[in-house]
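# Per-entry structural report
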Amino acid sequence: MGSTLVSEVTLESATGKRKMPVMGLGTAPEATSTVTTKDAVLEAIKQGYRHFDAASAYGVEQSVGEAIAEALQLGLIASRDQLFITTKLWVTDNHPQTILPALQKSLRTLQLEYIDLYLIHWPIATKPGKVVYPIEVSEIVEFDMQGVWGSMEECQRLGLTKAIGVSNFSIKKLKKLLSFATIPPAVNQVEVNLGWQQVKLRQFCKEKGITITAFSPLRKGASRGANFVLDNDVIKELADAHGKTAAQICLRWLYEQDLTFVVKSYDKERMKQNLGIFDWSLTEDDYKKISEIYQERLIKGPTKPLLDDLWDEE
Ligand code: NAP
């Protein structure tokens, strides 16, 4: 298995029009996981994954960096350029003057000279301090989107990241960002799955040349109880008809929507299973059934209590 297994999309506003493999490995921590992030990333590289989705708030940057260093040492990859590494800045650093130091800190932790994509994790800023999740609403301060984006652009100009983007941005927030951006966001990473299909946001991003990366593509979230996508009777029926798993139906659908996506599995077999979506297709009849799946956002926000206006009623 090699790096050509997963196709790539071009990020137009990235330096050198950097390409991103459509499928990446998520690294958001789960309390139940028995496999370490370092071992999972190394195994994924062996299997042909080349795109990894980290975040400073996940506390995984050091492990991801150690796995990359070891993969290079073992000759699993010839050079760091063969990987596409994303990380995200946390809300405590979402201020114009703290962006560059936050990225420099992430680079040191990852042991990298550059990353491929730097994302604003949430359109929220809090007082500087340590990562607290869920975010206390009393910690929230005004988010200076224009000032922050100027600093993000500076990070790309300095060559510390090949591309910059956002996460959890509504159409309204993207329009505001596009009104002053010199470098438009390459990516908006948002929840997209069969239970939250995001038709309007996807259409808007397509028109503006913004690549969507779908998170929680299996809607598992981090241990969030009942899963009405993987346990959905319609999806199970489609899986049986195709001789695939429910997870593969979910991922194939994202692939056929021309989306990029990050799926988290630290299990060797499921990691392999998730790669098995590139050589078959869903039918027109499948699409009719898929359009009838009940829709509800899984990840409603990172704060306690939830904010009323986070999604701008979209
Ligand atoms: P997900 O990828 O939809 O689901 C992950 C869960 O599904 C894990 O419990 C995993 O367990 C299980 N799983 C994976 N493959 C499977 C398969 N083939 N069959 C059955 N179960 C399977 O959810 P997620 O972790 O929430 O999202 C993925 C990534 O998106 C995250 O890791 C993170 O990188 C990113 N994310 C970003 C944001 C944001 O705000 N930007 C928010 C959420 C997530 P095993 O490991 O045991 O296989």
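Reading the values: rules and limits
- Numbers given to residues run from 1 along each chain, matching the order in which its sequence is written.
- The predicted origin of the model limits local features to residues at a pLDDT of at least 70 and limits the giving and counting of side-chain atom pairs to 80 or more, whereas totals for whole chains, interfaces and linings rest on all residues.
- As a rule here, side-chain values cover all heavy atoms of the structure and leave hydrogens and water aside.
- Categorising residues by exposure relies on relative accessible area from a 1.4 Å probe, with only protein chains included: less than 20% of the type maximum marks a residue as buried, more than 50% marks it as exposed, and the intermediate range marks it as partly exposed.
- Secondary structure elements are taken from DSSP: a helix is a run of H or I of four residues or more, a strand is a run of E of two residues or more, and numbering for both begins at the N terminus.
- Being paired, for any two strands, means DSSP has found at least two bridges between them.
- The criterion used for residue contact is that any of the two residues' heavy atoms lie within 4.5 Å.
- Any residue with a heavy atom lying within 4 Å of a molecule or strand is counted as near it.
- Under this definition, polar contacts are N or O atom pairs within 3.5 Å; protein pairs additionally need one hydrogen-donor-capable and one acceptor-capable atom, and for neighbouring residues in sequence, both atoms have to be side-chain atoms.
- Per-residue accessibility takes into account occlusion by the displayed protein chains alone, with areas from the Shrake-Rupley method and a 1.4 Å probe.
- We call Asp, Glu, Lys and Arg charged. Ala, Val, Leu, Ile, Met, Phe, Trp, Tyr, Cys and Pro are nonpolar, and the rest, Gly among them, are polar.
- UniProt positions are given in the numbering used here, feature names are shortened, and annotations may be inferred rather than shown by experiment.
- Each direction from the helix axis to a C-beta atom contributes to the arc, which is the arc of those directions.
- Planes of paired rings set the category: under 30 degrees apart is stacked, over 60 is edge-to-face and the rest tilted, where pairs are Phe, Tyr or Trp rings (Trp by its six-membered ring) whose centres lie within 6.5 Å.
- For a ring to carry a charge above it, either NZ of a lysine or CZ of an arginine must fall within 6 Å of the ring centroid while also lying within 35 degrees of the normal to the ring plane.

Another point: the pairing of strand 12 (residues 211-215). Counting buried positions along strand 12 yields 5 of 5 residues, so the element is predominantly enclosed. Alternating positions in strand 12 separate into two faces, T211, T213 and F215 on one and I212 and A214 on the other, with burial throughout. For strand 11 (residues 187-191) and strand 12, the ladder comprises 5 bridges, and the chain directions are parallel. Counterpart to Q189 in the pairing with strand 12 is T213. Inspection of the sheet shows strand 12 paired to strand 13 (residues 260-263) by 2 bridges, in the parallel sense. Counterpart to A214 in the pairing with strand 13 is F261.

This part covers the environment of A14. Within the element layout of this structure, A14 appears in the loop between strand 1 (8-10) and strand 2 (19-21). We classify A14 as buried; its relative accessible area is 7%. Spatially, the C-alpha atom of A14 lies 28 Å from that of P302, the residues being 288 residues apart in sequence. With residues up to four places along the chain from it excluded, the contact list for A14 reads Q156, K162 and A163.

This next bit is on the site of the ligand. Taken together, 30 residues form the shell around the ligand, and within it D53, L218, S265, R270 and Q273 come nearest. Residue D53 places a side-chain N or O atom 2.6 Å away from an oxygen atom belonging to the ligand. Contact between the ligand and P217: an oxygen atom at 3.2 Å from a main-chain N or O atom of the residue. In isolation the ligand has 910 Å² of accessible area, and contact with the protein removes 89% of it. Taken together, the elements giving at least two residues each to the shell around the ligand come down to strand 13 and helix 9 (268-275). Counting residues per element, the shell around the ligand draws most heavily on helix 9, which supplies 3 residues. Of the residues contributing to the shell around the ligand, the split by class is 11 nonpolar, 11 polar and 8 charged.

Turning our attention to the UniProt feature "binding site: substrate" (unreviewed entry) in the chain. UniProt records the feature "binding site: substrate" (unreviewed entry) for H121 in the present numbering. The residue H121 is located in the loop between strand 6 (115-120) and strand 7 (125-126) in this model. Exposure remark for H121: the relative accessible area of 6% places this residue in the buried category. Those residues in contact with H121 that sit more than four places away from it in its chain are A55, Y58, K88, L89, W90, S167 and N168.

Within helix 5 (residues 171-180), burial applies to I171, K173, L174 and L177. The buried residues of helix 5 all sit within an arc of 160° when viewed along its axis, so they share a single face. Residues of helix 5 that are exposed and point over 90 degrees away from its buried face: K172, K175 and S179. Looking at the packing, one finds that the buried side of helix 5 touches helix 4 (145-157), strand 10 (161-167), strand 11 and helix 6 (199-208).

Here the structure, examined in full by the defined rule, presents 4 aromatic pairs. For the pair W90 and Y133, a centre-to-centre distance of 6.2 Å together with 45° between the ring planes defines the contact as tilted. With W90 in the loop between strand 5 (84-89) and helix 3 (99-110) and Y133 in the loop between strand 7 and strand 8 (135-136), this residue pair connects regions lying 43 residues apart in the sequence. We classify Y133 as partly exposed; its relative accessible area is 47%. Measuring from ring centre to ring centre gives 6.0 Å for W122 and W311, while their planes differ by 65°; the resulting arrangement is edge-to-face. Of the two residues, W122 is situated in the loop between strand 6 and strand 7 and W311 in the segment after strand 14 (303-304); the sequence distance between them amounts to 189 residues. On the basis of relative accessibility, which here comes to 4%, the residue W122 falls in the buried class. Stacked on the ring of W280, the Lys or Arg R252 has its end atom at 5.8 Å from the ring centre. For R297, the ring lying beneath its charged end belongs to W311, and the centroid distance is 3.7 Å.

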